[in-house]
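Examination of the molecular architecture
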Amino acid sequence: MAGQHSVEVALKVPSVDELDAALQSAVDDRVASRIGAQDPTLWGPDAESEAAVRLSWTSLAETSRPLVAEIEALRDELATKGLDHVVLCGMGGSSLAPEVICHTADVDLTVLDSSQPDMVRSALADRLDRTVVVVSSKSGGTVETDSQRRAYEHAFTEAGIDPRERIVVVTDPGSPLDQQATEAGYRVFRADPHVGGRYSALTAFGLVPSGLAGADVGELLETAREAAPVLFADDVDNPALRLGVLLGVANDHGVDKLVLADRSGNGIGDWIEQLVAESTGKQGRGILPVVVPDEDAPNFVPSTTDSVLAVIGQQQVGGLERAAELAGSVVHATLSAAFGDNPQVDDSPVPTALSGYSTVVDGPLGAQMLLWEIAVAVAGRAIGIDPFDQPDVESAKKAARELLDGAGSVPTPDFTEDGIDVYGSGSTLAEALDQLLDQIDVEHGYLAVQVYLDRLAHAGFADVREELAENLARPVTFGWGPRFLHSTGQYHKGGTPNGVFLQITGTPLDDLAIDGRDFTFGSFIDSQAAGDAAVLRDHGRPVLRLHLTDVEAGLARVRELVAHDS
C-alpha cells in the first residue's frame, strides 16, 4: 500500500524486453534529469527555441511557495467582506487545473469557460452579492475570457458594486490584460511567463482561484515537492519515465489512443486530456486521449487494438508480479509481467488491453500532476514532436475572428429537418449522420462529438458518447465547445488525421450583449463553431454540423438517431 504522499504507476506491455530497452535508453540519455534541469535541447533543434522558454514548470513546487501566503491573506480579506463565492473566468489550462484542484479539495468553484449566452447569464445571476471573480488569461488576449470579464464588470456596475473590489486577475507580466487590469486598479497576480498554459497547474493560474475558493494549495505543492526527486531521477524505476516511455513505445506500434477511466471523482481525466492532446497532437502524429467514466464504459471494455488503457485514481496498485519501492514511501513504480505470459490467470489491478498496453496511475494530486507533465514530455520526445507548442490552435481563432468581422463566408445549411439545420451531405438527418459515421476508419479512426451548448444545463447529454462508442466499436470523444478548442482542438487539426467530427450547436434561449463589443455572446459562439468546422474541413476532416433551433427537442432527436443506428 502506498504512503500518504506516494505516486504509484503499474504497467502491462506486450514485451517487457522492449520496454526495458527503451527505458534504459532514456536513462542513458539522462532524459528525466535533463527535463528537471530545463534542458531545451531534448526535443531536437526545431523545438529548442520554444522549449527554452517553456520549462519553468519543473521547479514550480518550490518557486510557487511564496504565492501561498499571498493567496491565503487575500482569501481572509475577502472573507471579512462576506465574499465566499469564487467564479473563475478562463479557458484551457487556466480553468481545467483549478476545477480539478477544487473538486479534489471538495470546495466550491464556479468555472465559467464558455461563451454560450445562457451559461454566462446563469453564472451572472448566481450570488452576485457574494461573488469574487478571478479572470485568468496567460496571453491576456483570450476573447472568451475578455468577454466574460466585460460581462461581470457590467453586472457589478449595474448592481452598484465597484468591480475593483471583486475582480482578481491572473496573467503573464506585461500582457495586455496586465496593463489593463493595473490601470483599472484590480489586484493582479503575475504568473511565471516561462510556463505554458497546460503545464500551469502549479503556477498562479492553478493556485490563485483554487486557494481563494478554499483549497489547501500549500499541501498541493508539498506533494509535488516530495515526489520531484524520484520523478526527475535517471532510473529505470522512475514512474514518470516508465509511463512516458510506455506511451512512446505504444505510439511507435500504432497504438495512438489513450483511454482514461477516471476513478478519482475529481475530473483529473479532463486535465490529462488537455495535457496529452495539446502537447502531442501535431505534425500528423500524437496521442488521442479518450476520457470515459469508468472501466465498464465502451472503449475501455471492449477496448480497441490501437488503445492504451489507463485507470486513474485506483486506490492501490499492489499485487503485481514485480515491484520496486523507491525513497521510502514517496514513489512506487511497478511493471507487470508480459501480457502474453498467462492471460488466463491475471489478478493484478492493471486492466488487460487488446493492444497489450495498459497502466494504473494513482497518487495525491500535486504529485500526479507533476508525474503526468514529465511523462508527456518524455512521450513527446519519443514520438518526435515539440510538446510545448500548439501550432494549429490559432487557425480556428483566426477563422472565428474573420466571421465576426464580416470577412469570412457565413455558412448556410444544406437542408433543415425537424427544426435542425444540417450542414453536411445527404438528404435526411439519418442519411447525413450515416454518411458521416461511414467515413470512420474501422481500424484506426475515431469520432469526436463537439457540443456548443450550455454544459451545465445539458450535462446529461454527454452520455451519448457511451452509446455511440458501443455502436461504432471505435474510440469516441466528447467535448463541450468552446472549452475543447483549448484542449483537444489542437489534436483534431494537427494530430493523426483519422478523425470524423459531429458538431452540435444550438439557438440560445436568449442572446446576451457584450459591453463594449459589436458582437454578442451568441454570435461569438456561432463564429467559433463555424470557424473550427471550416478549418477542420480545410484539413480534410469530415464534419457534420447540426444546429438545433429548439435545443431540448433537437437533443432528443439526435438521441433517437443514435439509438436507431445501434
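Residues numbered from 1 in each chain as written. Predicted model: local features only at pLDDT ≥ 70, side-chain atom pairs only at ≥ 80, totals over all residues. Heavy atoms only, no water.

**Things to note about unusual backbone geometry**
Following Val301, the chain continues into Pro302 via a peptide bond in cis, with omega recorded as -5 degrees. Residue position: Pro302 is located in the loop between strand S8 (288–292) and strand S9 (307–312). A cis amide bond links Gly481 to the next residue, Pro482, at an omega of 5 degrees. Within the secondary structure layout, Pro482 lies in the loop between strand S16 (476–480) and helix H18 (489–494). Unusually for a residue other than glycine, Gln38 sits at a positive phi of about 60 degrees. Within the secondary structure, Gln38 is located in the loop between helix H2 (31–36) and helix H3 (45–51). In this model, Asn299 sits at a positive phi of 90 degrees, which is unusual for a non-glycine residue. Among the secondary structure elements, Asn299 is positioned in the loop between S8 and S9. Judged by relative accessible area, which is 3%, Asn299 ranks as buried. (Helix = DSSP H or I, 4+ residues; strand = E, 2+ residues; numbered from the N terminus. Buried < 20%, exposed > 50% of the residue type's maximum accessible area, 1.4 Å probe, protein only.)

**A few points about the pairing of strand S12 (residues 358–362)**
In terms of burial, S12 is largely enclosed, as five of its five residues are buried. Residues of S12 alternate between two faces, with Ser358, Val360 and Asp362 on one and Thr359 and Val361 on the opposite face, all of them buried. Pairing of strand S1 (residues 7–12) with S12 involves five bridges; the strand directions are antiparallel. In the strand pairing of S12, Leu11 is matched with Thr359. (Pairing = 2+ DSSP bridges.)

**Points about the packing of aromatic side chains**
In this structure the tally under the stated criterion is 10 aromatic pairs. Ring plane angle 85 degrees and centroid distance 6.1 Å describe the contact between Tyr446 and Phe501, whose orientation is recorded as edge-to-face. With a gap of 55 residues between them, Tyr446 in strand S15 (residues 446–452) and Phe501 in strand S17 (residues 499–506) connect regions that are remote in the sequence. Phe501 carries the same exposure label as Tyr446, and that label is buried. Through a chain of ring-to-ring contacts, the aromatic side chains of Trp43, Trp57, Tyr199 and Phe388 assemble into a single cluster. (Phe/Tyr/Trp six-rings, centres within 6.5 Å; stacked < 30°, edge-to-face > 60°.)

**Concerning the nonpolar core**
Membership of the largest hydrophobic core comes to 97 residues, with the highest contact counts inside it found for Ile35, Trp57, Trp271 and Trp372. In terms of residue count, helix H14 (residues 365–383) provides more of this core than any other element does, 13 residues in total. Each residue touching Trp271, except ones within four places of it in the same chain, is listed here: Leu96, Ala97, Val100, Arg198, Ala201, Met369, Trp372 and Glu373. By size, the runner-up hydrophobic cluster in this structure holds 31 residues, among which are Phe415, Ala469, Leu502 and Val558. (Core = buried A, V, L, I, M, F, W, Y, C linked by side-chain atoms within 4.5 Å. Contact = heavy atoms within 4.5 Å.)

**Some thoughts on the sheet that holds strand S6 (residues 187–190)**
Within a sheet, each strand pairs with its neighbour through backbone hydrogen bonds, oriented either parallel or antiparallel. The five strands lie next to each other as S3-S2-S4-S5-S6, forming an open sheet whose pairing is parallel. Each of the sheet's edge strands pairs with one partner strand only, and the pair in question is strand S3 (110–112) and S6. The average angle at which neighbouring strand axes cross in this sheet is 20 degrees, direction not considered. By the bridge criterion, five bridges tie strand S2 (residues 85–89) to strand S4 (residues 131–137) in an arrangement that is parallel. Counted as the bridge partner of His85 is Thr131 from S4. Its contacts with the sheet place helix H6 (residues 93–105) against S2, S3 and S4, and it is angled at close to 145 degrees to S2. Against the sheet, helix H8 (residues 143–158) contacts S2, S3, S4 and strand S5 (167–171), and its axis sits at roughly 155 degrees relative to S4. (Axes fitted to C-alpha atoms, helices over the stretch in contact; angles between N-to-C directions.)

**Description of the pattern of salt bridges**
Pairing is possible between side chains of opposite charge, provided their charged atoms come close. Scanning the entire structure with this criterion turns up 36 salt bridges. Among the ionic pairs, Arg557 bridges to Asp418, the shortest N-O distance being 2.8 Å. Of the two residues, Arg557 is situated in helix H20 (residues 551–564) and Asp418 in the loop between strand S13 (415–417) and strand S14 (420–423); the sequence distance between them amounts to 139 residues. A cluster of three or more residues bridged by salt bridges with shared partners is formed by Glu99, Asp113, Asp270, Arg455 and Arg483. (Salt bridge = Lys/Arg side-chain N within 4 Å of Asp/Glu carboxyl O.)

**Section: empty space enclosed by the protein**
Summed over the entire model, instances satisfying the criterion amount to three cavities of 30 Å³ or more. When residues of the lining of the largest cavity are traced back to their parent elements, those giving at least two are S17 and helix H19 (521–538). Of the residues belonging to the lining of the largest cavity, the class tally is four nonpolar, three polar and one charged. (1 Å grid on protein atoms, 1.4 Å probe; cavity = no way out; pocket = protein on both sides within 12 Å on 5 of 7 lines; lining within 4 Å. Points joined across faces, edges and corners; volume = space filled by probe spheres on them. Nonpolar A, V, L, I, M, F, W, Y, C, P; charged D, E, K, R; others polar.)

**Quick notes on the confidence of the model for the chain**
Detail in the predicted coordinates should be disregarded across regions flagged by low pLDDT. Here the chain averages 92 in pLDDT, while 93% of its residues score no lower than 70. Note that residues 315–332 has pLDDT below 50 and, in this model, 60 contacts with residues that lie over four places away or in other chains. Long-range and interchain partners of residues 334–347, a stretch whose pLDDT sits below 50, account for 32 contacts in this model, where long-range means more than four residues apart. (pLDDT = per-residue confidence, 0-100.)

**Quick notes on the pairing of S16**
For S16, the buried fraction is high: five of the five residues fall into the buried class. Tracing the backbone out of S15, into helix H17 (residues 464–472) and back to the parallel element S16 gives a crossover that is right-handed. (Right-handed = clockwise from strand over helix to strand, strands pointing away.)

**Quick word on H20**
Taking 1.5 Å of rise per residue, the 14 residues of H20 would be expected to cover 20 Å, and the 20 Å separating its terminal C-alpha atoms lies within 8% of that figure. Among the residues of H20, those classed as buried are Val551, Gly554, Leu555, Val558, Leu561 and Val562. Viewed along the axis of H20, the buried residues span an arc of 115 degrees, placing them on a single side of the element. Residues Glu552 and His564 are exposed on H20 and point more than 90 degrees away from its buried face. Measuring from the backbone nitrogen of Glu552 back to the side-chain oxygen at the start of H20 gives 3.4 Å, which picks out Asp550 as the cap. (Expected span 1.5 Å × (residues − 1). Arc of directions from axis to C-beta. Polar contact = N/O pair within 3.5 Å; in protein donor to acceptor, adjacent residues only side chain to side chain.)

**Comments concerning the packing of H17 against H20**
How two helices pack is summed up by the angle between their axes together with the distance between the axes. Two numbers describe how H17 lies on H20: the axes approach to 10 Å, and their chain directions differ by 20 degrees. Our classification of the angle between H17 and H20 gives roughly parallel. Of the two possible hands of crossing, H17 and H20 adopt the one that is left-handed. Contact with H17, carried on its side by Val464, Glu467, Leu468 and Asn471, involves Arg559, Val562 and Ala563 of H20 and no other residues of that element. When the residues that make up the contact of H17 with H20 are grouped by side-chain class, the tally is four nonpolar, one polar and two charged. (Parallel < 35°, antiparallel > 145°, perpendicular 65-115°, else oblique. Left-handed = near helix turned anticlockwise from the far one by under 90°.)

**Looking at the sheet that holds S13**
If you trace the six strands from one edge of the open sheet to the other, you get S13-S14-S18-S17-S15-S16, paired in mixed fashion. Looking at which strands have only one partner, the edges of the open sheet turn out to be S13 and S16. Each strand axis lies, on average, 20 degrees off the axis of its neighbour in the sheet, ignoring direction. Here four bridges tie S14 to strand S18 (residues 543–548), and the two strands are oriented antiparallel to one another. By the bridge assignment, Tyr423 is partnered in S18 with Arg545. The sheet strands contacting helix H16 (residues 429–437) are S13, S14, S15, S17 and S18, and the helix crosses S18 at an angle near 150 degrees. Packed onto the sheet, H19 meets S14, S15, S17 and S18 and runs at close to 165 degrees relative to S18.

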